[in-house]
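One letter stands for each residue in the lines below.
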Amino acid sequence: CLPSNRDAAPSINLPYELDGWTGTDLKMSKAVARNYRPLDVKLLLRSYKPENKPPVDCVIQEATNIHQVHDLFACLNYSGGKPRRLGTINIEDRGGSHNANLFEYTFHRRKYLALFSYQSKAGSASYPPNGFLEQMRLAVVGRVPCRLMELTTPVAGDRKEAISRLTQLASKVCAHSL
């Protein structure tokens, strides 16, 4: 749990420098801290920026199991973003690779891309699940320590370049063990 006086992101062991990407912690609002207080979860809120390119904002949670993480996709829906699924992207990770779901949404009249990745000590799963088989896989691999990650970047010009930024950073984060 987060202590009631915590106003900064609790530490997840992830370097601030990731092969040419520089990270800066994002301040946690009181509303976000309140949402996470009852959960047994570590939380990282950080923006990573590659040189001369737009940043990618990270929300990373590490928890004892899937039932302890805050539903990041639900938050995106409730914020009015109305995410539209674009498909899946293959992400290189410490054990090979896994698929992550890619969404596009508009917030304050600006387009963003969001990539969601779920990993656990038992494997990876699609998040949010897109059907019964994916729900079952998430239920199975979600019983052990896990990481749920949302990466978000503005679509500033070239959509393919924005997807490339998300994929590159996701691979760097997913290469770090839980």
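Please read all numbers here as calculations on a predicted model, not as lab measurements.

Focus: the confidence of the model for the chain
Part 1: When pLDDT is averaged along the chain, the result is 86; 94% of the residues meet or exceed 70.
Part 2: Considering only residues more than four positions removed or in separate chains, one finds that residues 1-10, a stretch of pLDDT under 50, has 22 contacts.

Digging into the pairing of strand 6 (residues 96-107)
Part 1: Direction of pairing for strand 5 (residues 84-93) relative to strand 6: antiparallel, over a ladder of 9 bridges. The residue bridging T88 from the neighbouring strand is N101, located in strand 6.
Part 2: One ladder, built from 7 bridges, connects strand 6 with strand 7 (residues 110-120); its direction is antiparallel. When the sheet's bridge partners are listed, F103 is paired in strand 7 with A114.
Part 3: Turn length for the strand 6-strand 7 hairpin, with the two strands adjacent in sequence and antiparallel, is 2 residues, and the turn residue H108 shows positive phi of about 50°.

Details of the nonpolar core
Part 1: In this structure, Y36, L72, F116, Y118 and Y127 are the most contacted members of the largest nonpolar core, which totals 26 residues.
Part 2: Breaking this core down by element, the ones donating at least two residues are helix 1 (30-36), strand 3 (41-50), strand 4 (56-63), helix 2 (72-78), strand 6, strand 7, helix 3 (132-141) and strand 9 (146-154).
Part 3: Element by element, the count of residues in this core is highest for strand 7, at 4 residues.
Part 4: Here L72 is in contact with Y36, V59, Q61, F116, Y127, L148, M149 and E150, once residues within four sequence places are set aside.
Part 5: Counting 23 residues, the second-largest nonpolar core is a separate cluster that includes L44, C58, L115 and L151.

With respect to the pattern of salt bridges
Part 1: In total, this model carries 8 salt bridges according to the counting rule given.
Part 2: A salt bridge links E161 to R165; the shortest N-O distance between them is 2.1 Å. With E161 and R165 both in helix 4 (residues 159-174), this residue pair falls 4 residues apart, about one helical turn.
Part 3: Through salt bridges with shared partners, a single network forms among R84, E104, K111 and R159.

So, the packing of aromatic side chains
Part 1: The full count for this structure, using the stated rule, is 5 aromatic pairs.
Part 2: Pairing F73 with F103 gives two aromatic rings, centres 4.8 Å apart and planes at 50°, and the pair type is tilted. Remark: F103 occurs in strand 6 and F73 occurs in helix 2; sequence separation between them is 30 residues.
Part 3: Residue classification places F73 among the buried residues on the basis of a relative accessible area of 16%.
Part 4: Judged by centre distance (5.8 Å) and plane angle (55°), the rings of F116 and Y127 are tilted. Of this pair, F116 sits in strand 7 while Y127 is found in the loop between strand 8 (123-125) and helix 3, placing the two residues 11 residues apart along the sequence.

Considerations on the environment of N77
Part 1: Locating N77 in the fold gives a position in helix 2.
Part 2: The spatial distance from the C-alpha of N77 to the C-alpha of Y105 is 9.5 Å, given a sequence separation of 28 residues.

Topic: the environment of V144
Part 1: The topology assignment puts V144 in the loop between helix 3 and strand 9.
Part 2: C-alpha separation for the pair V144 and G123, spaced 21 residues apart in sequence, amounts to 9.6 Å.
Part 3: In this structure V144 touches T64, N65, S120, K121 and A122, once residues within four positions along its chain are discounted.

Conventions and cut-offs
- Residues numbered from 1 in each chain as written.
- Predicted model: local features only at pLDDT ≥ 70, side-chain atom pairs only at ≥ 80, totals over all residues.
- Heavy atoms only, no water.
- pLDDT = per-residue confidence, 0-100.
- Contact = heavy atoms within 4.5 Å.
- Pairing = 2+ DSSP bridges.
- Helix = DSSP H or I, 4+ residues; strand = E, 2+ residues; numbered from the N terminus.
- Core = buried A, V, L, I, M, F, W, Y, C linked by side-chain atoms within 4.5 Å.
- Buried < 20%, exposed > 50% of the residue type's maximum accessible area, 1.4 Å probe, protein only.
- Salt bridge = Lys/Arg side-chain N within 4 Å of Asp/Glu carboxyl O.
- Phe/Tyr/Trp six-rings, centres within 6.5 Å; stacked < 30°, edge-to-face > 60°.

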